[in-house]
Amino acid sequence: MALSVAAWWPQSEVVYRSDQPSTVAYADGSKHLLALVRKSALLRESHQIVVGRDPSHSYGHRVDIETSADSVKTTEWTTAGVRVLFDTGHELFIPTRYFIGGR
């Protein structure tokens, strides 16, 4: 029984983080963060990009993504949104409207 509980017990770890630079401001006046969060259980692993104003990354706009922990090359914050650039050449753009206002 204990093994089956441990196998599905999720653990989260921030493996990449980017803070909104002071040169970019959004209408809600909040400071925003982007994190690549690895969620692990004994039998599986997944990753999510989380963007929002919560420093614990427990809420915000979430995007499930298939990647490795060290694949983020950089992020670019603009008034239109945030772009995540990966070592593979892939890009992910999240428009501002999805992460401002507490979402």
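See the structure printed just above.
Residues numbered from 1 in each chain as written. Predicted model: local features only at pLDDT ≥ 70, side-chain atom pairs only at ≥ 80, totals over all residues. Heavy atoms only, no water.

Enquirer: Kindly report on the pattern of salt bridges, identifying the contributing residues and their values.
Expert: The full count for this structure, using the stated rule, is three salt bridges. A salt bridge links Arg38 to Glu13, with the nearest nitrogen and oxygen atoms 2.5 Å apart. Here Arg38 is found in strand E2 (residues 33-41), whereas its partner Glu13 is found in strand E1 (residues 11-19), with 25 residues between them in sequence. Accessibility expressed as a relative area gives 18% for Arg38, which makes it buried. Using a relative accessible area of 41% as the deciding quantity, one classes Glu13 as partly exposed. Across the pair Arg17 and Asp19 runs a salt bridge, and its minimum N-O distance is 2.9 Å. On the basis of relative accessible area, Arg17 is assigned to the partly exposed category, the value being 42%. By relative accessible area, which is 37% here, Asp19 ends up partly exposed. (Salt bridge = Lys/Arg side-chain N within 4 Å of Asp/Glu carboxyl O. Helix = DSSP H or I, 4+ residues; strand = E, 2+ residues; numbered from the N terminus. Buried < 20%, exposed > 50% of the residue type's maximum accessible area, 1.4 Å probe, protein only.)

Enquirer: Pulling in residues and values, what's your account of the nonpolar core?
Expert: In this structure, Leu34, Ile49, Val51, Trp77, Leu92, Ile94 and Phe99 are the most contacted members of the largest nonpolar core, which totals 18 residues. Those elements that place two or more of their residues in this core are E2, strand E3 (44-52), strand E4 (61-65), strand E5 (72-78), strand E6 (81-86) and strand E7 (91-95). Residues in contact with Leu92, not counting those within four places in the same chain, are Ile49, Val63, Ile65, Val82, Arg83, Val84 and Phe86. (Core = buried A, V, L, I, M, F, W, Y, C linked by side-chain atoms within 4.5 Å. Contact = heavy atoms within 4.5 Å.)

Enquirer: Let's hear about the side chain of Ser30: which residues, and what values?
Expert: Tracing the backbone through its elements, the reader meets Ser30 in the loop between E1 and E2. When its relative accessible area of 17% is taken as the criterion, Ser30 is described as buried. Ignoring anything within four residues of it in the chain, the contact list for Ser30 reads Gln20 and Arg53.

Enquirer: Before we move on, could you go through the sheet that holds E6 and cite the residues and values that matter?
Expert: Taking strand neighbours across the sheet as the criterion, the three strands line up as E5-E6-E7 in an open arrangement whose pairing is antiparallel. Edge positions in the sheet fall to E5 and E7, since each has one partner strand and no second. Mean inter-strand twist for the sheet, computed between neighbouring axes without regard to direction, equals 15 degrees. Here E5 pairs with E6 via six bridges, running antiparallel. Each bridged residue has a counterpart across the sheet, and for Trp77 the counterpart in E6 is Val82. (Pairing = 2+ DSSP bridges. Axes fitted to C-alpha atoms, helices over the stretch in contact; angles between N-to-C directions.)

Geometric values such as these leave the question of function open.
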